[in-house]
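# Chains, contacts and geometry: an overview
Each chain, letter by letter, is given below.
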Amino acid sequence: MRWLRLSLLMVTALAAGLCAQTAAPASSAQQIWTWDQVKSAFELNNTTLLAAKLNIDELKADEITAHLRPNPDLTLTADGTQITPSHGVWQPFAGTFVSPGVSYLFERRNKRNLRFEAAKQGTAIGAAQADDSERTLLFNLRSAFVGVLQAKAVLNLAQDNLDYYDKILKVSRDRFDAGDIARIDFDRLELQRLQYESDLQTAIVNLRTTKINLLALMEDRRPVDSYDVEGPFDFREDVLSVDDYRKDALDARPDLKAAALSVQQAETNHKLAMANGSIDLTVGVWFTHNGSFNNPDALNTIGASVSIPLRIFDQNQGEKLRTKIDISRNEKLRSGVETQVYADVDSAYATLVSNINLLKPYKRQYLDQAVRVRDTVFFSYQHGGASLLDFLNAESEYRTVELSYANLVGAYLIAAAQMNQAVGREVIQ
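So, a few notes on the structure that sits alongside this text. Just so it is clear, the structure is predicted and the values come from calculations on it, not from any experiment. (Residues numbered from 1 in each chain as written. Predicted model: local features only at pLDDT ≥ 70, side-chain atom pairs only at ≥ 80, totals over all residues. Heavy atoms only, no water.)

### Some remarks on unusual backbone geometry
The condition is simple: Secondary structure elements are taken from DSSP: a helix is a run of H or I of four residues or more, a strand is a run of E of two residues or more, and numbering for both begins at the N terminus.
Phi is positive for histidine 87, which is not a glycine, with a value near 55 degrees. Along the chain, histidine 87 turns up in the loop between strand 2 (73-79) and strand 3 (97-106). Within the chain, glutamate 219 stands out as a residue other than glycine whose phi angle is a positive 55 degrees. Take glutamate 219: it is sitting in the loop between helix 5 (183-218) and strand 4 (227-229).

Here it is in structure tokens:
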């Protein structure tokens, strides 16, 4: 038995050291974050969200380009330069004149405004897609936040179980010293303490791991012991009907909004393709300082031209057909996204309601029963009315019930976060 006692002493010393190491930062200035603070820090620091915002700025810059008018063209034409002698006279630059001219393309059928409208719709689509990316990232962040709360609850439970068991050991040691219980029973009680020590160390490691994961999602490099989180770790029984959540999702889901905007943009692009198949006019004017053959006294003259392309072969037929097909494609994609929205809400709702139904009897009955059974069996064991095995079983059942309840609350909070993700906004706090 000596090696068992040495093992127990070593485990106890190790546990005390780890607990002191874990609790040490709490005595210093440890920053406590709520969910709103975690969310704000995430939105400020997450590089994926920041890159998405820059992409929106790029799309807004494309709007400027799309709304620009065509530039006029300035031409300088040189004419009248003699290149061969005539009748023995060769004055190559005597008759050279330079004629400046300006031409401008007049776009018809509202092409510029259609390009601008399509660009603005592209910006709106990019913003909706950025919101949808944030929706998914916030679900991951909320899951990590809930993971920290759950790990803290399990750690507190493990610590409470160990403290309670140490009181039992103290009472049992007094009974053993008084000769009230056998040596083998006391040794079995001490050996059982290893399980509670193991639970405590596992809970400490899990808490640190979940806090590290949360910091990684926030892209924060602060030491893990310098912060903690707080928030309600409980469940609410009241939920709306699935139809209410469906309606909220149809109004709030950014991916559905992006799909609807894509249909509008496809329609605008088709209008633009039809307009691009029309004829645009290029009007030019020029000035000449040279005598006119028909009127030698007209030294300063102006001229004008109109250029009309003959769209006999290329009437933008392919782009017209492509954009028309693209409207149907985006309509089908939008319909598919709407179906997915319904599926996401229904799935999240089923998970949420299932967790609530499992939690209700725990809060109303099982938790109190587990405490009552443990205390009753322990009292009976103290007075010789129950065996050691009965007491250890009751203690194990209490531990299982409490741990199951903590895990179920964590599962409920994850399901609530999943419902928020499915709807597209926080409908369950």
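### Some points on helix 6 (residues 242-252)
Test applied: A simple rule labels every residue: compare its accessible area, found with a 1.4 Å probe on the protein chains alone, to the largest value its type can have, and call it buried under 20%, exposed over 50%, or partly exposed in between. By arc we mean the arc of the directions from the helix axis to the C-beta atoms, nothing more. Contacts: residue pairs with any heavy atoms within 4.5 Å of one another.
Where helix 6 is concerned, the buried positions are Tyr245, Asp248 and Ala249. Taken down its axis, helix 6 places every buried residue within 100 degrees of arc, on the same side. Seen from the open side of helix 6, the exposed residues pointing more than 90 degrees away from its buried face are Lys247 and Asp251. In this fold, the buried residues of helix 6 make contact with helix 8 (317-382) and helix 9 (388-423).

### Brief notes about the sheet that holds strand 3
Stated precisely, the cut-off is as follows: Only strands joined by at least two bridges in the DSSP assignment are considered to pair. Lines fitted to C-alpha atoms define the axes here, with helix axes fitted over just the stretch in contact, and angles between the N-to-C directions of these axes take values from 0 to 180 degrees.
What the 4 strands build is an open sheet, ordered 2-3-5-6; its pairing is antiparallel. Looking along the sheet, the strands with just one partner apiece sit at the ends: strand 2 and strand 6 (300-307). Strand-to-strand twist in this sheet, taken as the mean axis angle between neighbours without regard to direction, amounts to 20 degrees. Bridge analysis of strand 5 (residues 281-289) against strand 6 gives 8 bridges, and the strand direction is antiparallel. Across the sheet, residue valine 283 finds its bridge partner in strand 6, namely valine 306.

### Points about the packing of helix 5 against helix 9
Our working definition: Between 65 and 115 degrees an angle is taken as roughly perpendicular, under 35 as roughly parallel, over 145 as roughly antiparallel, and anywhere else as oblique. Polar here means any residue outside two lists: the nonpolar Ala, Val, Leu, Ile, Met, Phe, Trp, Tyr, Cys and Pro, and the charged Asp, Glu, Lys and Arg; Gly therefore counts as polar.
Where helix 5 meets helix 9, the closest approach of the two axes is 11 Å, and the angle between their N-to-C directions is 10 degrees. By the criterion of interaxial angle, the relationship of helix 5 to helix 9 is roughly parallel. Together, Asp185, Arg188, Leu189, Gln192, Gln195, Tyr196 and Asp199 of helix 5 and Leu388, Leu389, Phe391, Leu392, Glu395 and Arg399 of helix 9 make up the contact between the two elements. A breakdown of the residues in the contact of helix 5 with helix 9 according to their chemical character gives 6 nonpolar, 2 polar and 5 charged.

### Observations concerning the environment of valine 242
Looking at where valine 242 falls in the secondary structure, it is placed in helix 6. When its relative accessible area of 24% is taken as the criterion, valine 242 is described as partly exposed. Between the alpha carbons of valine 242 and glutamate 63 there is a distance of 40 Å; along the sequence they are 179 residues apart. When near neighbours in sequence (up to four residues on either side) are disregarded, valine 242 contacts Val345, Asp346 and Tyr349.

### Re the environment of proline 72
Mapped onto the elements of the fold, proline 72 is located in the loop between helix 3 (47-66) and strand 2. Once the C-alpha coordinates of proline 72 and threonine 282 are considered, the two residues, 210 residues apart in sequence, prove to be 9.7 Å apart. With near-sequence residues (within four places) excluded, proline 72 lies in contact with Val102, Ser103 and Tyr104.

### A look at the pattern of salt bridges
Heads up, the rule is: What makes a salt bridge here is a side-chain nitrogen of Lys or Arg within 4 Å of a carboxyl oxygen of Asp or Glu, nothing more.
Enumeration according to the criterion identifies 26 salt bridges in this entry. In this structure, glutamate 107 and arginine 115 form a salt bridge, with 3.1 Å as the shortest nitrogen-oxygen distance. Residues aspartate 238 and arginine 236 are paired through a salt bridge, measuring 3.0 Å at the closest nitrogen-oxygen approach.

### Some words on the nonpolar core
The cut-off we apply is this: Working definition of a nonpolar core: buried Ala, Val, Leu, Ile, Met, Phe, Trp, Tyr and Cys residues. They are joined through side-chain atoms within 4.5 Å.
Ranked by size, the top nonpolar core spans 45 residues in total, and within it Val38, Leu214, Val229 and Phe391 carry the most contacts. In terms of residues, this core owes the most to one element, helix 4 (residues 111-177), which gives 16 residues. Core analysis: the second largest hydrophobic core is formed by 24 residues, Val146, Tyr412, Leu413 and Met419 among them.

### A word on the packing of aromatic side chains
Cut-off, in case you're wondering: What counts as a ring pair is set by centres within 6.5 Å for rings of Phe, Tyr and Trp (its six-membered ring), and what kind of pair is set by the plane angle: stacked under 30 degrees, edge-to-face over 60, tilted for all other angles.
The full count for this structure, using the stated rule, is 11 aromatic pairs. An angle of 5 degrees between the planes, with centres 5.2 Å apart, marks the rings of phenylalanine 176 and phenylalanine 186 as stacked. Residue phenylalanine 176 is found in helix 4, and its partner phenylalanine 186 is found in helix 5; the two are separated by 10 residues along the sequence. Assessed through its relative accessible area of 22%, phenylalanine 176 is described here as partly exposed. A ring pair is formed by tyrosine 245 and tyrosine 349, whose centres lie 6.0 Å apart and whose planes are at 55 degrees; its orientation type is tilted. In this pair, tyrosine 245 is assigned in helix 6 and tyrosine 349 in helix 8, connecting sequence segments 104 residues apart. In this structure an aromatic cluster arises from ring pairing among Tyr362, Tyr366 and Tyr405.

### Remarks on the environment of phenylalanine 233
Mapping phenylalanine 233 onto the fold places it in the loop between strand 4 and helix 6. Owing to a relative accessible area of 23%, phenylalanine 233 belongs among the partly exposed residues under this scheme. Separated by 134 residues in the primary sequence, phenylalanine 233 and serine 99 place their C-alpha atoms 84 Å from one another. Excluding anything up to four places from it in sequence, phenylalanine 233 contacts Leu149, Gln150, Ala153, Ala406, Val409, Gly410 and Leu413.

### So, the packing of helix 8 against helix 9
Where we set the bar: Two helices cross in a left-handed way if the nearer one is turned anticlockwise from the farther one by less than a right angle. They cross in a right-handed way if the turn is clockwise.
It is at 8 Å that the axes of helix 8 and helix 9 come closest, and there the two elements cross at 160 degrees. Between helix 8 and helix 9, the interaxial angle falls into the category roughly antiparallel. Where helix 8 crosses over helix 9, the two elements pack in a sense that is left-handed. Looking at the contact of helix 8 with helix 9, its residues break down into 30 nonpolar, 5 polar and 6 charged.

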